[in-house]
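Descriptive structure summary
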Amino acid sequence: MFRPLSIFIGARYTRAKRRNHFISFISLTSMIGLALGVLAMIVVLSVMNGFQKEMSSRILGMVPHAMLYGAEPVADWRALADKAMTNPQVQAAAPYAELEGMLSHRGLMQPIQIHGIDPAEEGKVSILPEHIRQGSLNNLQPGEFGVVIGDITARRFGLQVGDKLTLIIPELSSAPGGVTPRMQRLNVAAVFKVGAELDSSLALINVVDAAAMQRLPEGTVPGIRLALKDLYQAPQVSKSLLAQLGSDYRADDWTHTQGSLFSAMKMEKTMIGLLLLLIVAVAAFNIIATLIMVVADKGGDIAILRTLGATPRQIMAIFMVQGSVIGLVGTLIGTVLGVLAALNVSALVAWLESFAGQQVMSSDVYFISSLPSDLQWLDVALICSAALILSFLATLYPSWRAAQVQPAEALRYE
């Protein structure tokens, strides 16, 4: 009784049974289409967030968050680590070395990145100890030239713990070519599996052996690796530590080694989000067709309201309310269903796999054997806002058309 006229009539048009059942059907399909579009966006973006989170925890849990190198080999890495630990973002530090070369075994060759580590300290800065599948990290004893390889590398070469393979390292020389390959026999000490590309591109040896391969003085290491509380602060932490330590040191961080991968993942999420938004836009703009038919169907009502003194602005508001209600209900339904689906998509896929007897995410094909999902409420808020804005914009033209209807002209065709 005390509601504004436009809201009262617009809501009544939405609830009431129409003489034209086709218009009712189009309104229902617009609402369902909008709900399905919102549902799809929430689920797909949640799954992409889950993949990104899973890859971040696995890849960035293995590679250094930040590295500090000395201009000269570091004789006392613990003293350097203590200086780095004065930064509140630094959580732990460990000695570190890095080489690149080729692995060779029975005629097969593969490029590899070698990290020199201290097995006793590695658990503080890496998730490697949690992902050892064969052998033990403690088998990396100094002077024994043991190596920890990834699961894909082990399967490609057919290696087991205790087998031998050859590491070929390029070395600068005075030879005409300028580079001479140097070979080192390695023993497989352990096999790790993190379910990422690192399973085929990374191997680890004792930092003492790595220093010997680099011909560094005994007891020295090239530098240290750092584990940070917030790994996305790595560039700022590196700059701060360099300013503190001076020009005798240089720093690097994961954004230079792995940044392109995560930038590509972020861009992929953005582009897929925009493409899915087109689905929501199509469903939202179906409201245009619905309201145009409603305006044609309600011409007599519009004429009567105009005759009773309703202004064009009030007529326009009536149909804007009706279209907005359709958009609001469709968005709310899609949001509720999308949130429920995103929270249970992993369990749902697992149930479908057990029911069908086939594994959708096979670990032999994909790095991740389950479908992860990470629902982020910011994404939900952005999706709902976009759907509601598109729904509101879709009401403007039909409502304007309704406001232009003249009473005499509308009654003539009734």
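Predicted, not measured: the structure shown is a model, and the values here were computed from it.

1. Describing the UniProt feature "transmembrane region" (unreviewed entry) in the protein chain
Within this numbering scheme, the UniProt entry marks residues 21–48, 271–296, 317–343 and 377–397 as carrying the feature "transmembrane region" (unreviewed entry). Helix and strand shares over residues 317–343 are 100% and 0% respectively, and the end C-alpha atoms of the span are 38 Å apart.

2. Some words on the nonpolar core
Note that soluble globular proteins tend to have their nonpolar side chains buried in a common cluster. Phe192, Ile224 and Leu226 are the most contacted members of the largest nonpolar core, which totals 63 residues. When residues in this core are grouped by element, the largest group, 6 residues, is from strand β7 (residues 179–192). Looking at this core, you find at least three residues from each of domain 1 (5–57 + 262–411) and domain 2 (90–228). In this view, Ile224 contacts Ala66, Met67, Leu68, Trp77, Leu80, Ala81, Ala84, Ala93, Ala94, Pro95 and Tyr96; residues no more than four positions away in its chain are not counted. Ranked by size, the runner-up nonpolar core spans 18 residues in total, among them Val38, Leu45, Val380 and Ile383.

3. As for the pattern of salt bridges
Scanning all chains against the criterion turns up 5 salt bridges. For Arg225, the salt bridge goes to Glu122, with nearest N and O atoms at 3.1 Å. Linking Arg225 in strand β9 (residues 221–228) with Glu122 in helix α4 (residues 119–125), this pair joins segments that are 103 residues apart in sequence. Given the relative accessible area of 1%, Arg225 is considered buried. Residue classification places Glu122 among the buried residues on the basis of a relative accessible area of 0%. Of the charged contacts, one joins Lys269 and Asp379 as a salt bridge, the two residues approaching to 3.2 Å between their closest N and O atoms. Here Lys269 is found in helix α10 (residues 259–297), whereas its partner Asp379 is found in helix α13 (residues 377–403), with 110 residues between them in sequence.

4. Describing a nonpolar patch on the surface
Residues Val329, Ile333, Val336, Leu337 and Leu340 make up a contiguous nonpolar surface patch of about 400 Å² in total accessible area. Turning to its location among the elements, Val329 is positioned in helix α12 (residues 312–356). Taking relative accessible area as the criterion, Val329 reaches 31% and is therefore assigned partly exposed.

5. Overview of the packing of α12 against α13
Axis angle and axis distance: for two packed helices, these are the angle between their axes and the distance between the axes, and together they describe the pair. At a minimum axis distance of 8 Å, the contact between α12 and α13 shows a crossing angle of 155°. Between α12 and α13, the angle is such that the two are roughly antiparallel. Handedness of the α12/α13 crossing: right-handed. Its residues placed into classes, the contact of α12 with α13 shows 17 nonpolar, 8 polar and no charged.

6. Things to note about the environment of Gln113
Locating Gln113 in the fold gives a position in strand β3 (residues 108–117). By relative accessible area, Gln113 is classed as partly exposed at 26%. Separated by 14 residues in sequence, Gln113 and Leu99 place their C-alpha atoms 6.1 Å apart.

7. Digging into the pairing of strand β5 (residues 146–150)
When you tally the buried positions in β5, you get 5 out of 5 residues, the bulk of the element. In β5, alternate side chains face the same way, and those of Gly146, Val148 and Gly150 on one face and Val147 and Ile149 on the other are all buried. When β5 meets strand β8 (residues 202–206), the two strands line up antiparallel, connected through 3 bridges. When the bridges of β8 are listed, Ile149 appears paired with Ala203.

8. Description of the packing of α10 against α12
Two numbers describe how α10 lies on α12: the axes approach to 11 Å, and their chain directions differ by 140°. Comparing their axes, α12 and α10 come out oblique. Between α10 and α12 the crossing geometry is right-handed. Each of Ile287, Thr290, Leu291, Val294 and Val295 in α10 lies in contact with α12, whose residues at this interface are Phe319, Gln322, Gly323, Ile326 and Gly327. Of the residues that constitute the contact of α10 with α12, the class distribution is 6 nonpolar, 4 polar and no charged.

9. Re the packing of aromatic side chains
This model, assessed by the stated rule, comprises 2 aromatic pairs. Here Tyr232 and Trp254 contribute two aromatic rings whose centre-to-centre distance is 5.8 Å and whose plane-to-plane angle is 80°, an arrangement assigned as edge-to-face. Linking Tyr232 in the loop between β9 and α8 (234–245) with Trp254 in helix α9 (residues 254–257), this pair joins segments that are 22 residues apart in sequence. Taking relative accessible area as the criterion, Tyr232 reaches 52% and is therefore assigned exposed. Taking the relative accessible area as the measure of exposure, Trp254 reaches 5% and is therefore buried.

About the thresholds
- Residues numbered from 1 in each chain as written.
- Predicted model: local features only at pLDDT ≥ 70, side-chain atom pairs only at ≥ 80, totals over all residues.
- Heavy atoms only, no water.
- UniProt positions renumbered as here; feature names shortened; annotations may be inferred.
- Helix = DSSP H or I, 4+ residues; strand = E, 2+ residues; numbered from the N terminus.
- Core = buried A, V, L, I, M, F, W, Y, C linked by side-chain atoms within 4.5 Å.
- Buried < 20%, exposed > 50% of the residue type's maximum accessible area, 1.4 Å probe, protein only.
- Domains from an automatic or database assignment.
- Contact = heavy atoms within 4.5 Å.
- Salt bridge = Lys/Arg side-chain N within 4 Å of Asp/Glu carboxyl O.
- Patch = residues over 30% accessible without salt bridge, like charges linked within 9 Å, V, L, I, M, F, W, Y side chains within 5 Å.
- Areas by Shrake-Rupley, 256 points an atom, 1.4 Å probe, with all protein chains shown as cover.
- Axes fitted to C-alpha atoms, helices over the stretch in contact; angles between N-to-C directions.
- Parallel < 35°, antiparallel > 145°, perpendicular 65-115°, else oblique.
- Left-handed = near helix turned anticlockwise from the far one by under 90°.
- Nonpolar A, V, L, I, M, F, W, Y, C, P; charged D, E, K, R; others polar.
- Pairing = 2+ DSSP bridges.
- Phe/Tyr/Trp six-rings, centres within 6.5 Å; stacked < 30°, edge-to-face > 60°.

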